[in-house]
Amino acid sequence: MLSSTPFREGVRAAIPVWIAFTTSSFALGVAAKANGLHWGEIVLMSALVYAGPAQFAVVGPLGAGAPPLQVLLAGFLINLRFLPMSAALAPYFRRVARGKLIAASHFISASSFVIPYMRFQRESQKPRAKEADNDESNLQFFLGLSMTSFSVWVVGTGVGYWAALHVPAEFEEAIKFVLPGYFACLLATEAREWSIRAVCIASLLIAVPGSLWNPNWGWIVTALVIATLGWGVQQWMQRE
Amino acid sequence: MALATYLLRVIPQLIAAVQNFPAAADRYLKYVAYALVVSTVSISLFVTGGRFDSPAAPRRLIALAIAVAIATITRNALAGMLTGTAIALLLSWFAAS
């Protein structure tokens, strides 16, 4: 499999994802150190959860000893977006053996979803030999891209944590800023629709009062309310 | 959390009924993810030890605003983050001196 052409094409296509993952995983490792987690905990989390935004959201609560249910709910809600992503990829793996799918599913991530999805859509327009061969080749491309990206993510987290250990105390403000700053910038480059921007600005403003009202659940409740309102307004305006 | 995340990834691969995901629901989940991540950004920067960090909040807000502006203009998240981090650091040193 590792020497197959689709797998190697997947590895080549993954290079932009590696670059993005290097920065964000490094920042996650730095933030984990700032929040008092152990090196092994954050590296294991990166390997088992492998979901940047959700990991970012729970690093603070975990470090502060928040209730497990809060950590689980915050991570679950953010990761719910994997359902539509996985559903979008599923038709392109339809004839792949279930065992392979069960193993490969772990590597679905927001950043490594778009590239294979666009390629599969393109390829599905072309006449090909056998559909079963297409699906197997799709899986190999996906694995080439996603397994290498996954490795970069896990190693980057460990390296980021290690680097944070060697940062002098007077640079603590930088350590505190780096991950939230990076996610804010990522969202700023991605969120082009007015409704999503409005949801982001409202969340930024309301999360703090929500958190002060109830440190464990307040910000989750306010985020859900704002997301529901933003979505409701957008759906309503779309019907006009 | 790892198990819950894995199930969200694997279920649509194995169950055909989940593969027709409605566009409106897809959009709603996107909004939820954005709202939760931005809320986390806000709390990470402006809340310390369960309290509003009033001494640090203004300078972090300035650094965040500049970082986001640079990321938006250049379409480069890394450039925005590095600039914002440098500004947050400089402002904290300035406040301490």
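Residues numbered from 1 in each chain as written. Chains lettered and ligands numbered in written order. Predicted model: local features only at pLDDT ≥ 70, side-chain atom pairs only at ≥ 80, totals over all residues.

**A short note on the overall build of chain B**
Point 1. What chain B contains, in helices and strands, is 4 helices and 2 strands.
Point 2. Helices and strands appear in chain B in the N-to-C order α-α-β-β-α-α.
Point 3. In terms of overall size, chain B is more extended than a compact globule, its C-alpha atoms giving a radius of gyration of 19 Å where 97 residues would be expected to give roughly 13 Å.
Point 4. Seen along its three principal axes, the alpha-carbon backbone of chain B occupies a region of about 60 × 35 × 20 Å.
Point 5. Expressed as a percentage of contacts within chain B between residues at least 6 apart in sequence, the contacts between residues at least 24 apart total 28%. (Helix = DSSP H or I, 4+ residues; strand = E, 2+ residues; numbered from the N terminus. Rg over C-alpha atoms; globule rule 2.2 N^0.38 Å. Contact = placed C-beta atoms within 7 Å.)

**Describing the overall build of chain A**
Point 1. The secondary structure content of chain A amounts to 12 helices and 0 strands.
Point 2. Counting from the amino terminus, helix and strand elements in chain A follow one another as α-α-α-α-α-α-α-α-α-α-α-α.
Point 3. For 240 residues, the compact-globule estimate of 2.2 N^0.38 gives 18 Å, and chain A sits close to it at 20 Å.
Point 4. Structurally, chain A occupies a C-alpha span of about 60 × 55 × 30 Å along its principal axes.
Point 5. Counting across all 240 residues of chain A, residues that qualify as buried make up 47%.
Point 6. Within chain A, contacts between residues separated by at least 24 positions form 79% of all contacts whose residues are at least 6 apart in sequence. (Buried ≥ 20, exposed ≤ 12 C-beta atoms within 10 Å, placed from the backbone.)

**Some words on the packing of helix α4 (residues 52-63) of chain A against helix α5 (residues 68-79) of chain A**
Residue and element names in this part refer to chain A.
Point 1. In contact at an axis separation of 9 Å, α4 and α5 are set at 165° when each is read in the N-to-C sense. Comparing the axis directions of α4 and α5 gives the class roughly antiparallel. Of the two elements, α4 crosses α5, and the hand of that crossing is right-handed. Contacts between α4 and α5 involve Pro-53, Ala-54, Ala-57, Val-58, Pro-61 and Leu-62 from the former and Gln-70, Val-71, Ala-74, Gly-75, Ile-78 and Asn-79 from the latter.
Point 2. Its residues placed into classes, the contact of α4 with α5 shows 9 nonpolar, 3 polar and no charged. (Axes fitted to C-alpha atoms, helices over the stretch in contact; angles between N-to-C directions. Parallel < 35°, antiparallel > 145°, perpendicular 65-115°, else oblique. Left-handed = near helix turned anticlockwise from the far one by under 90°. Nonpolar A, V, L, I, M, F, W, Y, C, P; charged D, E, K, R; others polar.)

**Some thoughts on unusual backbone geometry**
Point 1. Not every positive phi belongs to a glycine, and A:Tyr50 is a case in point at roughly 50°.
Point 2. Looking at the element boundaries, A:Tyr50 is found in the loop between α3 (39-48) and α4.
Point 3. Owing to 25 C-beta atoms within 10 Å, A:Tyr50 belongs among the buried residues under this scheme.
Point 4. Notably, B:Arg75 is not glycine yet its phi reads approximately 55°, a positive angle.
Point 5. Its place among the elements puts B:Arg75 in the loop between α3 (57-74) and α4 (77-96).

**A short note on the domain arrangement of chain A**
Point 1. Domains assigned within chain A are domain 1 (5-170) and domain 2 (191-240).
Point 2. Computed over C-alpha atoms only, the centres of domain 1 of chain A and domain 2 of chain A are separated by 25 Å. (Domains from an automatic or database assignment.)

**A look at helix α1 (residues 5-13) of chain A**
Residue and element names in this part refer to chain A.
Point 1. Among all positions of α1, only Pro-6, Phe-7, Gly-10 and Ala-13 are buried. Axial view of α1: buried residues confined to an arc of 120°, hence all on one face. For α1, the exposed residues lying more than 90 degrees away from the buried face are Thr-5 and Arg-12. (Arc of directions from axis to C-beta.)

**Let's talk about the interface of chain B and chain A**
Point 1. Listed by partner, the interface residues are 56 residues for chain B and 69 residues for chain A.
Point 2. Contributing elements (two or more residues each) for the side of chain B that touches chain A: α1 (2-14), α2 (23-46), α3 and α4 of chain B.
Point 3. Counting residues per element, the side of chain B that touches chain A draws most heavily on α2(B), which supplies 22 residues.
Point 4. The residue inventory of the side of chain B that touches chain A, partitioned by class, reads 37 nonpolar, 13 polar and 6 charged.

**Looking at the environment of A:Tyr117**
Residues and elements named next belong to chain A.
Point 1. Inspection of the secondary structure assignment puts Tyr-117 in helix α8 (residues 114-125).
Point 2. Taking the number of C-beta atoms within 10 Å as the measure of exposure, Tyr-117 has 15 and is therefore partly exposed.
Point 3. Expressed as a C-alpha distance, the spacing of Tyr-117 and Arg-197, which sit 80 residues apart in the sequence, is 25 Å.
Point 4. Leaving out residues up to four positions away in the same chain, Tyr-117 has contacts with Ala-88 and Leu-89.

**Notes on the nonpolar core**
Point 1. A:Cys185, B:Val32, B:Tyr34, B:Ala35, B:Leu36 and B:Val37 are the most contacted members of the largest nonpolar core, which has 100 residues in total.
Point 2. With 14 residues, the single largest contributor to this core is α2(B).
Point 3. Setting aside chain neighbours within four positions, we find B:Ala35 in contact with A:Val199, A:Ser203, A:Ala223, A:Ile226 and A:Ala227. (Core = buried A, V, L, I, M, F, W, Y, C linked by C-beta atoms within 7 Å.)

**Things to note about the packing of α5(A) against α1(B)**
Point 1. Relative to each other, α5(A) and α1(B) sit at 20°, their axes nearing to 9 Å. The orientation of α5(A) relative to α1(B) falls into the category roughly parallel. Classified by chirality, the crossing of α1(B) by α5(A) is right-handed. Together, A:Leu72, A:Gly75, A:Phe76 and A:Asn79 of α5(A) and B:Ala4, B:Thr5 and B:Leu8 of α1(B) make up the contact between the two elements.
Point 2. Taken together, the residues of the contact of α5(A) with α1(B) sort by class into 4 nonpolar, 3 polar and no charged.

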